[in-house]
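Chain by chain, the residues run as shown.
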Amino acid sequence: SMDHRRDRTRVHDIVLWGATGFTGSLVAEYLVRRAAAEPVRLALGGRDLAKLEVLRDRLVGIDPAAAELPLIVADSHDRASLDAMVRDTAVVCSTVGPYALHGRLPVAACIAARTDYCDLTGEVQFIRTMIDEHHAAAERAGARIVHCCGFDSIPSDLGTLMLQQAASERHGSPLDRITFVLGASRGSFSGGTVASLVNVVVEAGADPEIRRILTDPYALNPEGERDGPDGPDLAGARFDRELGRWTGPFVMASINTRVVRRSNAILGWPYGRDFRYAEVTGFGAGLKGRLAAIAMAGSVGTLVAALAWSPTRSLLQTVALPNPGEGPDRAAREAGFFKISLHGRTTSSDGQRVEMTAHVAGDNDPGYGETAKMLGESALSLALDGADLETPGGILTPAACMGQRLVDRLRAAGMRFEVP
């Protein structure tokens, strides 16, 4: 079942699915720039041929060779059109969200055709459905389905993998616990991200089982392995004595922490079964830091409450939040950046306290420029490193599927991944 990855008999290496959307077109630009250095047979997929042609004409401005890019018309709710698309490609790279609404059939089609897949979803309830419905079939088919290949959850997942590998090399054992701290960052939500967040809140409001999954720290672990030492994500403001600073909630902790825990489980517990992992936003040590942490806790709670109540949700969507397909302009994206530190602790075999810190950083808007890079390199890794990855099929995570290969790619692409 794995042969097609080694002999490249399929027509395309990568089909970028949803290429004409706001994030999709950024990924298209990224892959066209990258193809100059690392030849890759790319095709652009979407629902609307005219929009695909407009995008292709724009890409010719980056590289005249883009004029030859194949265009594929398919619909995420029409299985026959998806089947025709996925059997001709080694990898589908999807930006078509909210994935709970549009992602189910593309994943099923990829598994049936033994085609690898990566996407940007951060929707816990969608990923859980994919695990429950498809993990066994994907494993049998050798199809690697890798969710969360953007700002959620690559910095968390690969940052933890990198720090744990360094701890094992330096101290002979992994760290007992790691706290991810979002430091200085500047960025904005895309319309697509907002639509996904709104959809999660709407589904949770309608279905107690979804509410239960969203609050379970181990919701994305394999069945039978859904317990461990971690409790709920930080919701309020808290002075963290070990970090020496005020902390507040991080809005993406609810997906990232679950992905890191799934990686640990499906990699065979390299971080240990008692591993604890948390994510917070970091603030200063004094009063100003405390007030900022309280404000952050309040604004996250207020946003979720506002989205849960349909009158305020529709007002927010009309007035304040971008629509799908909208996002910041190039200048705003290039002014964005993020800095993350991962603080790890353990007690060594001779009873000494061990502390280690890793850094992950990007110099563009995390939700756009850096996410286009992270998803683009994930697709390239599946397509071009595929035979060397030797990863089995399944509903996987970036760390469990591409691992160190993807860390190396992202470093080469200008992201910072380091353990001083």
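The structure this text deals with has already been given above.
A brief structural summary. Everything numeric in this text was worked out from a predicted model, so none of it was measured. (Residues numbered from 1 in each chain as written. Predicted model: local features only at pLDDT ≥ 70, side-chain atom pairs only at ≥ 80, totals over all residues. Heavy atoms only, no water.)

1. Here we look at helix H4 (residues 79–86)
Heads up, the condition is: In this scheme, a residue with accessible area under 20% of its type's maximum is buried, one over 50% is exposed, and one in between is partly exposed, where area comes from a 1.4 Å probe on protein chains only. By definition, any uninterrupted DSSP run of H or I lasting at least four residues is a helix, any uninterrupted run of E lasting at least two residues is a strand, and each is numbered from the N terminus. Directions drawn from the helix axis to the C-beta atoms are what define this arc. The contact rule is simple, with two residues in contact once any of their heavy atoms fall within 4.5 Å.
Among the residues making up H4, those that are buried are Ser81, Leu82, Met85 and Val86. All buried residues of H4 fall inside an arc of 125° around its axis, so they share one side. The inward-facing, buried residues of H4 contact strand E1 (12–17), strand E3 (71–73), strand E4 (89–94) and helix H6 (104–112).

2. A look at the layout of surface pockets
This is how the line gets drawn: Computed over the protein atoms alone on a 1 Å grid, cavities are sets of points where a 1.4 Å probe fits but cannot get out and pockets are open sets with protein on both sides within 12 Å along at least five of seven lines; a residue lines them when it has an atom within 4 Å of a point. Grid points are joined across faces, edges and corners, and a volume is the space filled by probe spheres set on the points. Side-chain classes follow a simple rule in which Ala, Val, Leu, Ile, Met, Phe, Trp, Tyr, Cys and Pro form the nonpolar group, Asp, Glu, Lys and Arg form the charged group, and the remainder, Gly included, forms the polar group.
If you add up the space inside the second largest pocket, you get close to 400 Å³. For the lining of the second largest pocket, the secondary-structure elements that each account for two or more residues are strand E7 (177–186), strand E8 (238–240) and strand E10 (276–282). A total of 5 residues in the lining of the second largest pocket trace back to one element, the largest contributor, which is E10. A breakdown of the residues in the lining of the second largest pocket according to their chemical character gives 7 nonpolar, 3 polar and 10 charged.

3. Side note on the packing of helix H2 (residues 22–35) against helix H3 (residues 49–60)
Defined as follows: Between the N-to-C directions of two axes lies an angle of 0 to 180 degrees, each axis being a line fitted to C-alpha atoms and, for a helix, fitted only over the stretch in contact. For classification purposes, angles smaller than 35 degrees are called roughly parallel, those larger than 145 roughly antiparallel, those between 65 and 115 roughly perpendicular, and all remaining angles oblique. If you view the pair so one helix is near and one far, a crossing is left-handed when the near helix is turned anticlockwise from the far one by less than a right angle, and right-handed when it is turned clockwise.
Between H2 and H3, whose axes approach to 11 Å, the crossing angle comes to 40°. The angle between H2 and H3 places the two elements in the oblique class. Of the two elements, H2 crosses H3, and the hand of that crossing is right-handed. From H2, Ser25, Ala28, Glu29 and Val32 reach across to H3, where they touch Leu55, Arg58 and Leu59.

4. Observations regarding the environment of Thr346
Using the following cut-off: The term polar contact refers here to a pair of N or O atoms within 3.5 Å; inside protein, the definition further demands a hydrogen-donor-capable atom paired with an acceptor-capable atom, and it admits residues adjacent in sequence only when both atoms are side-chain atoms.
Inspection of the secondary structure assignment puts Thr346 in strand E11 (residues 337–347). In this structure the C-alpha to C-alpha distance between Thr346 and Gly97, which are 249 residues apart in sequence, comes to 39 Å. Apart from residues no more than four positions distant in its own chain, Thr346 is found in contact with Pro174, Leu175, Asp176, Gln352, Arg353 and Val354. Here the side chain of Thr346 touches Asp176 through a polar contact of 3.1 Å, side chain to side chain.

5. Here's the deal with the sheet that holds strand E12 (residues 353–362)
The criterion, for reference: By definition, two strands form a pair when at least two bridges between them are found by DSSP.
The 7 strands are arranged E8-E9-E10-E7-E11-E12-E14 in an open sheet whose pairing can be described as mixed. Looking at which strands have only one partner, the edges of the open sheet turn out to be E8 and strand E14 (416–418). Geometrically, the sheet is characterised by an average inter-axis angle of 30° between neighbouring strands, direction not taken into account. Two elements, E7 and E10, share 6 bridges in a ladder whose sense is parallel. Within the sheet, the bridge partner assigned to Leu182 lies in E10 and is Thr281. Strand contacts of helix H12 (residues 287–308): strand E9 (245–248) and E10, with the helix running at about 5° to E9, the strand carrying the most contacts.

6. Comments concerning the packing of aromatic side chains
The condition that has to hold: When the centres of two rings from Phe, Tyr and Trp lie within 6.5 Å, Trp using its six-membered ring, the rings pair. Their planes under 30 degrees apart give stacked, over 60 give edge-to-face, and anything left gives tilted. We call a charge positioned above a ring when the Lys NZ or Arg CZ atom is no farther than 6 Å from the ring centre and deviates by at most 35 degrees from the ring normal.
Taken as a whole and assessed by the stated rule, the structure comprises 7 aromatic pairs. Considering the side-chain rings of Phe151 and Phe250, the 6.5 Å spacing of their centres and the 80° angle between planes classify their relative orientation as edge-to-face. Of this pair, Phe151 sits in the loop between strand E6 (144–146) and helix H8 (154–171) while Phe250 sits in the loop between E9 and helix H11 (253–266), placing them 99 residues apart in sequence. The pair Phe151 / Phe250 is uniform in exposure class, with both members buried. Centroid distance Tyr271 to Phe275: 5.2 Å. Interplanar angle 70°. Geometry classified as edge-to-face. An aromatic cluster of three or more residues is present, and its members are Phe151, Phe180, Phe250 and Phe338. Against the face of Tyr218 rests Arg261, its NZ or CZ located 5.3 Å from the ring centre.

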